[in-house]
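# Architecture and fold: a report
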Amino acid sequence: KDKAVFDWLVRIAASPELRIAEESLRALARLDAAVPASLLRQRIDDPHPLIRGAAALALARHDPASMPTLHAAATRLQKEIYACWSSYVSPVRSAPAKSAPLGKGRTTFERPPNNSPAAVAQIQQATELYRAYQNTIRAIASMHTPEGDKWLREEALRVAPDFSGIGEYVAASQLWDRPDT
């Protein structure tokens, strides 16, 4: 309702300060006023996952034609989560000549070894990627479109070695109260 506050939020959503931009995008996702789609589309391609997740929420709210962009963002995050996880998890060896593939019966919630100097950074990266992915799923679910519901159903039933079920769980919970899906 206050144009000066809204204009300020739009301005700081473009900030290079990650936390400021993220919170501004989250606030814009809750407002009804028109937010520049160009800003939101720029931020959904940001290198930082938390910015992308917040931008997904705002884009879903303000751009009814954003489903392809949100789907691409979710796919990108899936790949980044798998790459992050694969950087510190190795296959379980059940026998010298036999190894279990990454992900088979495993969880992407496995933490890096505590004695690894990179553990703290890897845990932070994985956490941010998961939060961004969950926000992107929430964004898709908030649109209540046939295309979005179809994607959520596919995600809920997806069998892939790169997740422990979090995407499937979040997608299924978003569909749970929809009698038409």
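Bear in mind the structure is a predicted one, so any value in this text is a computation, not a measurement.

This next bit is on the overall build of the protein chain. In terms of regular secondary structure, the protein chain is built from 8 helices and 2 strands. Considering only contacts within the protein chain whose residues lie at least 6 apart along the sequence, 63% involve residues at least 24 apart. When the accessible surface of the protein chain is totalled, it reaches about 10,000 Å², and 59% of it is carbon and sulfur.

Running from amino to carboxyl end, helix α1 (residues 3–13) crosses helix α2 (residues 18–28) at an angle of 135°, the nearest separation of the two axes being 8 Å. Taken together, the axes of α1 and α2 lie oblique to each other. Note that α1 runs across α2; the crossing there is left-handed. For the pair α1 and α2, the contacting residues are Phe6, Leu9, Val10, Ile12 and Ala13 in the first and Ile20, Ala21, Ser24, Leu25, Ala27 and Leu28 in the second. Classifying every residue of the contact of α1 with α2 by side-chain character gives 10 nonpolar, 1 polar and no charged.

Below, the discussion takes up helix α7 (residues 146–157). For the α-helix, the turn length of 3.6 residues means that residues three or four positions removed from each other point alike. For α7, with 12 residues, the first-to-last C-alpha span of 17 Å sits near the 16 Å given by 1.5 Å per residue. Those residues of α7 not exposed but buried are Gly148, Asp149, Trp151, Leu152 and Glu155. Within α7, the buried residues cover an arc of 160° as seen down the axis, which keeps them to one side. Away from its buried face, by an angle of more than 90 degrees, α7 presents the exposed residues Pro146 and Leu157.

A few words on the side chain of Asp63. Within the element layout of this structure, Asp63 appears in the loop between α4 (49–62) and α5 (67–88). A polar contact of 3.0 Å, which involves the side chain of Asp63, links it to the backbone nitrogen of Ala65. If we skip the residues at most four places from it in the chain, Asp63 touches Ala37, Arg41 and Met143.

A few words now on the nonpolar core. Counting 42 residues, the largest nonpolar core has Leu25, Leu28, Ile44, Leu70, Tyr133, Ile140 and Trp151 as its most contacted members. Listing elements by their share of this core, those giving two or more residues are α1, α2, α3 (37–43), α4, α5, α6 (119–142) and α7. When near neighbours in sequence (up to four residues on either side) are disregarded, Ile140 contacts Met67, Leu70, His71, Ala74, Gly148, Trp151 and Leu152.

Looking now at the packing of α4 against α5. α5 packs onto α4 with a crossing angle of 160° between their chain directions and a minimal axis gap of 11 Å. With respect to α5, the element α4 is oriented roughly antiparallel. Here α4 and α5 pass one another in a crossing that is left-handed. Seen from α4, the contacting residues are Pro49, Arg52, Ala56, Leu59 and Ala60; seen from α5, they are Thr69, Leu70, Arg76, Leu77 and Glu80. Residues belonging to the contact of α4 with α5 are distributed by class as follows: 6 nonpolar, 1 polar and 3 charged.

What counts, and where the lines are drawn
- Residues numbered from 1 in each chain as written.
- Predicted model: local features only at pLDDT ≥ 70, side-chain atom pairs only at ≥ 80, totals over all residues.
- Heavy atoms only, no water.
- Helix = DSSP H or I, 4+ residues; strand = E, 2+ residues; numbered from the N terminus.
- Contact = heavy atoms within 4.5 Å.
- Areas by Shrake-Rupley, 256 points an atom, 1.4 Å probe, with all protein chains shown as cover.
- Axes fitted to C-alpha atoms, helices over the stretch in contact; angles between N-to-C directions.
- Parallel < 35°, antiparallel > 145°, perpendicular 65-115°, else oblique.
- Left-handed = near helix turned anticlockwise from the far one by under 90°.
- Nonpolar A, V, L, I, M, F, W, Y, C, P; charged D, E, K, R; others polar.
- Expected span 1.5 Å × (residues − 1).
- Buried < 20%, exposed > 50% of the residue type's maximum accessible area, 1.4 Å probe, protein only.
- Arc of directions from axis to C-beta.
- Polar contact = N/O pair within 3.5 Å; in protein donor to acceptor, adjacent residues only side chain to side chain.
- Core = buried A, V, L, I, M, F, W, Y, C linked by side-chain atoms within 4.5 Å.

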